[in-house]
Amino acid sequence: MQLTEEQKMLRDMAREFTRNEIAPRDKWMDDNGFDWDLCKKITKAGFMGANIPEQYGGGGGGIVDTTIIAQEFAKGSASIATFMGGHWLASNLILENGTEEQRQKYMPEAVSGKIFAFGLTEAGAGSDAAGIKSQAVETEDGWLLNGSKAWITNSGVADYYIILAMTDPEQGTAGISAFILPKDAEGLAVGKFEEKMGVRGSATCELAFNNIKLPKEALLGVRGKGFKMAMQTLDIGRISAAAVCAGISEHAMNLAKAYANERTAFGKPIKAFQGLAFRFADMYAEIKAMELLAYEAATTKDAGGRCTLDAAAAKLFATEKGIQICLQAQAVFGGNGMSKEYDIERLVRDIRVWSVMEGSTEILRMIVSGTVLSK
Ligand SMILES: Cc1cc2nc3c(=O)[nH]c(=O)nc-3n(C[C@H](O)[C@H](O)[C@H](O)COP(=O)(O)OP(=O)(O)OC[C@H]3O[C@@H](n4cnc5c(N)ncnc54)[C@H](O)[C@@H]3O)c2cc1C
């Protein structure tokens, strides 16, 4: 993967920011949850709006650029990569589908630190996203929203939610529309923070909508196109997810490398044992493959091409290999790998979550196999 000079500068900037600001806070976030101070620093450094065109005050980056940032951030904290992924996904939906008026209102806000969240999943509809039950009924002066959402990244800390709801239930997925919901809307209830096994520094809650009145302008994009918009945006999310898993895996490999250099057994550093050293060959090769798949899909997307298959394949490969790599790296630590005093156990918990978010392994296999077999 050849990066341009600008992209190399962006990578170095994100890498330095991760080393100085993000990595030192990851353990704290694992114990305590979302870190508002770090969020402010991320905003100040310009990363919140990295995906947003310069005309709205953003960094003007493409998908390759946000993929670079996601990968670098993930080397310091999977939680922060999760937070950024949710924010970019939701703000991208407005960027790609909003009216010019909506872009002018919300894009500068996304740049300046207002947090966005994407709400599709419900307690009864995750993989089967077409089965959502939340409903928005058109009224004389806008919309009336009822229903609920579950597992929404950034909920509880977000300023705006992009909510997918049925507007024309008899039309199936063509009856789903997207709405911009502000956090202070009357009738919005945010549940308690989920006690997750991993990415604990990212906020995740349930949302309940009780007769929320939304103005006409809350509709995002065309009525009935919400599902299509969400699926297209998920392509971008999956590319980012693949890069995040490459970042977490590299972090795990580097922790294991440091340990293998210092730990001795049978009178030698454990890295001298070929059985253990070979783990690193596999880890290295698989991380490279993850990166290549992610960046190829990102490059296709930036060039305006369709990347549903490549994005799904990249995430499928990266999440499955990433879990194996983190377990392999943990094994290098022996008993210490089970201790909370060592960071590696946190990475094992963090990477597991990525195989569920934005399309589980089985759903990605369905997308990839379905496309491959139909070609
Ligand atoms: C930390 C976290 C953050 C999240 N953030 C967001 C967010 O910001 N926005 C959002 O909308 N959602 C979010 N989600 C929800 C996530 O996208 C869903 O959890 C995911 O899509 C799976 O849905 P489910 O949990 O309902 O599982 P289910 O759909 O009930 O699936 C259960 C199991 O069955 C398998 N399965 C289902 N259907 C099939 C099939 N046809 N063939 C084979 N196997 C199948 C699944 O792969 C899975 O293993 C988040 C989830 C987590 C854990």
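Residues numbered from 1 in each chain as written. Predicted model: local features only at pLDDT ≥ 70, side-chain atom pairs only at ≥ 80, totals over all residues. Heavy atoms only, no water.

### With respect to the overall build of the protein
From N to C terminus, the protein includes 11 helices and 10 strands. Taken along its principal axes, the extent of the C-alpha atoms in the protein is 80 × 50 × 40 Å. Buried residues in the protein amount to 53% of all 375 residues. Summarising the internal contacts of the protein: among those between residues at least 6 apart in sequence, 73% fall at separations of at least 24. As displayed, the protein offers around 16,700 Å² of accessible surface, 52% of which is attributable to carbon and sulfur atoms. Charged side chains in the protein number 41 positive and 47 negative. The centres of these two groups are separated by 5 Å. (Helix = DSSP H or I, 4+ residues; strand = E, 2+ residues; numbered from the N terminus. Buried < 20%, exposed > 50% of the residue type's maximum accessible area, 1.4 Å probe, protein only. Contact = heavy atoms within 4.5 Å. Areas by Shrake-Rupley, 256 points an atom, 1.4 Å probe, with all protein chains shown as cover. Lys, Arg positive; Asp, Glu negative; His and termini not counted. Charge placed at Lys NZ, Arg CZ, Asp CG, Glu CD.)

### Topic: helix 9 (residues 308-332)
The end-to-end C-alpha distance of helix 9 is 36 Å, a good match for the 36 Å that 25 residues give at a rise of 1.5 Å each. With its phi angle positive at about 55 degrees, glycine 334 sits one or two positions after the end of helix 9. (Expected span 1.5 Å × (residues − 1).)

### Remarks on the domain arrangement of the protein
Domain annotation for the protein reports domain 1 (5-114), domain 2 (117-226) and domain 3 (228-374). Averaged C-alpha coordinates put domain 1 and domain 2 at centres separated by 22 Å. Between domain 1 and domain 2, the contact holds 23 residues from the first and 17 residues from the second. Counting across the interface, domain 1 meets domain 2 through one salt bridge. Across the salt bridge formed by arginine 200 and aspartate 30, the nearest N and O atoms sit 3.9 Å from each other. At the junction of domain 1 and domain 2, the tally comes to seven residue pairs in polar contact (both at pLDDT 80 or more). Counting residues per element, the ones that place at least two in the side of domain 1 that touches domain 2 are helix 2 (26-32), helix 5 (78-97) and helix 6 (100-111). When the residues that make up the side of domain 1 that touches domain 2 are grouped by side-chain class, the tally is 10 nonpolar, nine polar and four charged. (Domains from an automatic or database assignment. Salt bridge = Lys/Arg side-chain N within 4 Å of Asp/Glu carboxyl O. Polar contact = N/O pair within 3.5 Å; in protein donor to acceptor, adjacent residues only side chain to side chain. Nonpolar A, V, L, I, M, F, W, Y, C, P; charged D, E, K, R; others polar.)

### Structural notes on the side chain of serine 77
By the element assignment, serine 77 lies in the loop between helix 4 (63-74) and helix 5. A polar side-chain atom of serine 77 sits 2.6 Å from a polar atom in the side chain of aspartate 26. Within the structure, the side chain of serine 77 is placed 3.1 Å from the backbone nitrogen of isoleucine 80, a separation counted as a polar contact. Setting aside its immediate chain neighbours within four residues, serine 77 contacts Ile22, Asp26 and Met29.

### Points about helix 6
A rise of 1.5 Å per residue sets the reference length of helix 6, with its 12 residues, at 16 Å; its end C-alpha atoms lie 16 Å apart and thus fit the reference within 8%. Next to the buried residues of helix 6 lie helix 3 (36-44), helix 5, strand 1 (116-119), strand 4 (160-166), strand 5 (176-182) and strand 8 (219-220). Count one or two residues on from helix 6 and you reach glycine 113, which has phi positive near 110 degrees.

### Looking at the site of the ligand
Surrounding the ligand, one finds 18 residues, the nearest of these being Thr121, Ser127, Trp151, Ser360 and Glu362. Residue serine 127 places a side-chain N or O atom 2.6 Å away from an oxygen atom belonging to the ligand. The separation between a nitrogen atom of the ligand and a polar main-chain atom of tryptophan 151 is 2.8 Å. The protein chains hide 64% of the 980 Å² of surface that the ligand would expose on its own. Going through the elements one at a time, strand 1, strand 3 (142-153) and helix 11 (361-374) are the ones with two or more residues in the shell around the ligand. (Near = heavy atom within 4 Å.)

### A short note on the nonpolar core
Taken as a class, soluble globular proteins show a tendency for nonpolar side chains to be buried jointly. Counting 79 residues, the largest nonpolar core has Ile42, Phe73 and Leu181 as the members making the most contacts within it. When residues of this core are assigned to their parent elements, the largest contribution, 12 residues, is made by helix 7 (residues 226-262). Look past the residues within four positions of phenylalanine 73 in its chain and what remains in contact with it is Ala14, Phe17, Thr18, Ile22, Ile42, Phe47, Ile80 and Met84. By size, the runner-up hydrophobic cluster in this structure holds 29 residues, among which are Ile52, Ala90, Ala125 and Leu220. (Core = buried A, V, L, I, M, F, W, Y, C linked by side-chain atoms within 4.5 Å.)

### What about the pattern of salt bridges?
Throughout the structure, instances matching the rule amount to 24 salt bridges. As a salt-bridge pair, glutamate 195 and arginine 200 come within 3.1 Å of each other at their nearest N and O atoms. Overall, the relative accessible area of 66% leaves glutamate 195 in the exposed class. The exposure class of arginine 200 is partly exposed, given its relative accessible area of 25%. For glutamate 286, the salt bridge is made with lysine 321, and the minimal N-O distance between the two is 3.9 Å. In this pair, glutamate 286 is assigned in helix 8 (residues 274-302) and lysine 321 in helix 9, connecting sequence segments 35 residues apart. Look at glutamate 286 and you get partly exposed, because its relative accessible area is 21%. One connected set of salt bridges, linked through shared partners, spans Asp30, Glu195, Arg200, Lys340, Glu345 and Arg349.

### Considerations on the packing of helix 1 (residues 5-22) against helix 3
For any two helices packed against each other, the geometry is given by the interaxial angle and the distance between the axes. Across the interface, helix 1 lies against helix 3 with an axial gap of 11 Å and an inter-helix angle of 155 degrees. In terms of orientation, helix 1 and helix 3 fall into the roughly antiparallel class. The two elements helix 1 and helix 3 meet at a crossing, and its hand is right-handed. For the pair formed by helix 1 and helix 3, the contact residues are Phe17, Glu21 and Ile22 on the first element and Leu38, Lys41 and Ile42 on the second. Among the residues forming the contact of helix 1 with helix 3, the class breakdown is four nonpolar, no polar and two charged. (Axes fitted to C-alpha atoms, helices over the stretch in contact; angles between N-to-C directions. Parallel < 35°, antiparallel > 145°, perpendicular 65-115°, else oblique. Left-handed = near helix turned anticlockwise from the far one by under 90°.)

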